[in-house]
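# Coordinates in review
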Amino acid sequence: MAIADLNLEQRARPRESFPTWLARRGTAFWVVGVLLLAMPALASSFWLVQIIAYSMILGLVALSLMFLAGYGGIVSLVQMTVAAFAGYLVAILGDSAISQISLHWPWWMAAPVAILVATLFGTLCGALSVRTEGIYTIMITLAIASAFYYLTLQNYTVFNGFSGFNGVKPPVFLSIDWGQNLPFYYLTLACSILAYGTVVYVARAPFGLALQGTRDNPRRMAALGFDVVAHRIAAYSFASFIAACAGVLLVWYQRQISPGTAGVGPVVDMLIIAVVGGLSRPIGPFIGALIYVLLRTFSLDMLEGVGLDGKRYQLVIGLGFLVIVLFSPDGLIGIWQRLRERYRRGSDARDAGMRVGGGAP
Amino acid sequence: MSDFIARRPVWSLVIIFAVGILVWLVFSVWTPGLEAVLGRKRVFLSALFNGITLGALYFLVASGFTLIFGLMRNVNLAHGSLYLFGGYLGYSVGNLTGSWLLALLAAFIVVGVVGVLMQVLLFRWMEGQDLRQTLVTIGLSIIFADLLLWNYGGDTFQVTAPDWLSGPVQLPFVVALRGNGEAVMMIYPFVRIAILIGAIIVGVLMWLALNRTRVGMLVRAGVDDRDMLSATGVRVQLVFVMIFAFGAGLAGLAGVIGGTFQSLQPGEDTKILLSSLVVVIVGGMGSIPGAAIGALIVGLAEQFGSVYMPTYAVMLTFIIMVAVLAVRPQGLAARR
């Protein structure tokens, strides 16, 4: 059974050209787009890299989780592990300060191989957990993630144990040092836009539609002749590819990688980011990541500003997460949409009221 | 039992064979050749006993975890936090009153009450929404972890065992032979043996309560078909609250016990949670015998792993989990 074999009216609709697609975007699209492109002129290098670029990298990992959870109904906690694995591979295959382990491959070999192997690893995890559903998937992926964490923590021959790798530098090519603030910002921006666009495209492509079908009613999809398991494993592959790319960016951003990157905390943080932002749309994870990074960076000052212990930021994050999960299953995106709908309904009602009051025809 | 042998003759043979080898290893006096391969018998025996007693602790935690899951389809990812909370609470009460039993009781009751609050205030409002419940428990575990860190700091605590529990006992197992042919017997901490006996008693009582009483009947019916049970007019919510209280209380109890022969510190919550996750995945979700089998396997794997292959000890448990998932995705003792 071919995976992309869905003959829906989606095909029949004439494909719109890129300019018309651009023209149909709303104001928010243009504002955010211009803001992101012009950000280097507006923001200091701290904001540019530490806040925005870092948010985009975390957003990419969370995006891969969002793709699985939002379109496939699979809540996988291994996405951060896949990213960390890719990061480790870049450090092991490429250059790092731990020269007795690193193989010193050139970056254009190390990075693609890292992405490829990490994607394979994510696919394997998917194949292992895909036969289970819902909470079972969460449990199994959590167990796999922590197994990887302990492996990196205890293995010194390949993963260099507790201390991990440092001195991992972003490459220099086209005579640009991509580790500089400005190039690195644009690199992450380009990757984010590409990944976002691909996710949006895949979600509407036959494969994405079939995946959403398996999410909503796997038995019906199986009865229609779709191979549900194959679709889910393919979804894992695609999501793991995004996560792996994010992992390469992450190790270039941090210049080091250690078991802490793959620990249970960060793994759960990814779920928090994706859920807080909203699992229904690909933009959600990026919003969640931005909020998460802002909270992490500034909660100390904020908490001390209102007279509380600055170390309690985990508490703030936990409480915020709990409130959002309790009151808005769709995350911040859901709140935003509900507010907009209420406003629209309100203005519609006002318009209607005015028409009635004015005795219009 | 005979049913199992009839259905799976090959596996039964393998299990009987393995148990036979184990019994022989435990009771025989090791020859120098065997010691050269397996190391000293003392090390082997203490790994075996530590594994079994660690399994007893895991059983206490995981049986509450799996009971809550079996009935309410609620993966309580805050279960490790309940364990840690119970442990810290037991430490405080033990320090205050000087009584270990009182600490045990206090942890069981207070953590049980916390469980009731969680069930009544949160989970009742999102019945049937698995994912949302799971997310809520993740949020709770983060909050609990930080509150406990706030209150108790990052230090390591140990609950002091009472006098009648402390000290070593001599077990009737020959560890080695002295030069003059006199046998050296195994000496083992009494606390761990008491915990093993306690866990077995709890397990048997739980099995009896589930299989021989009316409440147990209701619980089993609820595990199989919740809607049908509530349709027959049983106050399902009450059963839910009771089970949640009992499961959470067991986690608190286990916290005090774990604090007595291991230690308590931040991060212990995730460790215990992961162990119970693996235990119930290996044993089969929602099954008490499964929790017992899984706990034994995981405990033994951890201890033998740390003795014979220290670098990959934790990996060994996960490899077992993966192997079980590949062969029998529903777990070893699940009925499905």
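Below: a short report on this structure. Model, not experiment: these values are computed from the prediction.

From N to C terminus, chain B includes 14 helices and two strands. Radius of gyration (C-alpha) of chain B: 21 Å, near the 20 Å computed for a compact globule of 336 residues. The buried share among the 336 residues of chain B stands at 50%. The contacts in chain B between residues at least 6 apart in sequence include a share of 72% that link residues at least 24 apart. Summing over all exposed atoms, chain B offers an accessible surface of approximately 15400 Å²; the carbon and sulfur share of this is 69%. Across chain B, the mean location of the 19 positive side-chain charges is 8 Å away from that of the 14 negative side-chain charges.

A few words on the packing of aromatic side chains. Throughout the structure, instances matching the rule amount to 23 aromatic pairs over all chains. Between Y54(A) and Y253(A), the aromatic rings sit 4.9 Å apart at their centres with planes inclined by 15 degrees, giving stacked as the arrangement. Separated by 199 residues along the polypeptide, Y54(A) in helix α4 (residues 45–72) and Y253(A) in helix α11 (residues 228–254) bring together distant segments of the chain. Given a relative accessible area of 17%, Y253(A) falls into the buried group. Ring centres of Y152(B) and F157(B) lie 5.9 Å apart, and the angle between their planes is 85 degrees; this geometry places the pair in the edge-to-face category. Neither residue differs from the other here; Y152(B) and F157(B) are each classed as buried. Among the aromatic residues, those joined into a ring-pair cluster are F85(A), Y88(A), F121(A), F148(A), F159(A) and F165(A).

We now examine the pattern of salt bridges. Residue and element names in this part refer to chain A. By the definition in use, this model includes three salt bridges over all chains. In this structure, the salt-bridge partner of R215 is D216, at a minimum N-O distance of 3.0 Å. For R215, a relative accessible area of 31% corresponds to the partly exposed category. Its salt-bridge partner being D269, residue R296 comes within 3.8 Å of it at the nearest N-O pair. Residue R296 is located in helix α14 (residues 284–305), and its partner D269 is located in helix α13 (residues 264–277); the two are separated by 27 residues in the primary sequence. You can call R296 partly exposed: its relative accessible area is 37%. The class of D269 is buried, set by a relative accessible area of 12%.

A few words now on the nonpolar core. Ranked by internal contacts, the top residues of the largest apolar core, which has 195 residues, are F67(A), F165(A), W252(A) and M118(B). Here the element with the most residues in this core is α4(A); it accounts for 18 residues. With residues up to four places along the chain from it excluded, the contact list for M118(B) reads N76(B), A78(B), L82(B), F123(B), L140(B), F144(B) and F244(B). If you look at the next biggest cluster of nonpolar residues, it comprises 13 residues, including V26(B), W30(B), F44(B) and F49(B).

Further remarks concern the side chain of N50(B). Tracing the chain through its elements places N50(B) in helix α4 (residues 41–72). The contact partners of N50(B), leaving out residues within four places of it in the chain, are Y188(B), R192(B) and Q303(B).

Moving on, we come to the interface of chain A and chain B. On the side of chain B, 40 residues touch chain A, which itself brings 34 residues to the contact. In total, about 3400 Å² of surface goes out of reach between chain A and chain B, with carbon and sulfur atoms giving 80% of it. Area buried by chain A at its contact with chain B is led by I135(A), M139(A) and R312(A), which between them contribute 18% of it. Summed over the shared surface of chain A and chain B, the result is zero salt bridges. The tally of links between chain A and chain B comes to three residue pairs in polar contact (both at pLDDT 80 or more). Secondary-structure elements contributing two or more residues to the side of chain A that touches chain B are α7 (135–154), α13 and α15 (313–327) of chain A.

What counts and how
Residues numbered from 1 in each chain as written. Chains lettered and ligands numbered in written order. Predicted model: local features only at pLDDT ≥ 70, side-chain atom pairs only at ≥ 80, totals over all residues. Heavy atoms only, no water. Helix = DSSP H or I, 4+ residues; strand = E, 2+ residues; numbered from the N terminus. Rg over C-alpha atoms; globule rule 2.2 N^0.38 Å. Buried < 20%, exposed > 50% of the residue type's maximum accessible area, 1.4 Å probe, protein only. Contact = heavy atoms within 4.5 Å. Areas by Shrake-Rupley, 256 points an atom, 1.4 Å probe, with all protein chains shown as cover. Lys, Arg positive; Asp, Glu negative; His and termini not counted. Charge placed at Lys NZ, Arg CZ, Asp CG, Glu CD. Phe/Tyr/Trp six-rings, centres within 6.5 Å; stacked < 30°, edge-to-face > 60°. Salt bridge = Lys/Arg side-chain N within 4 Å of Asp/Glu carboxyl O. Core = buried A, V, L, I, M, F, W, Y, C linked by side-chain atoms within 4.5 Å. Buried area = accessible area lost by both parts, 1.4 Å probe. Polar contact = N/O pair within 3.5 Å; in protein donor to acceptor, adjacent residues only side chain to side chain.

By themselves, these observations are geometric and do not establish any function.
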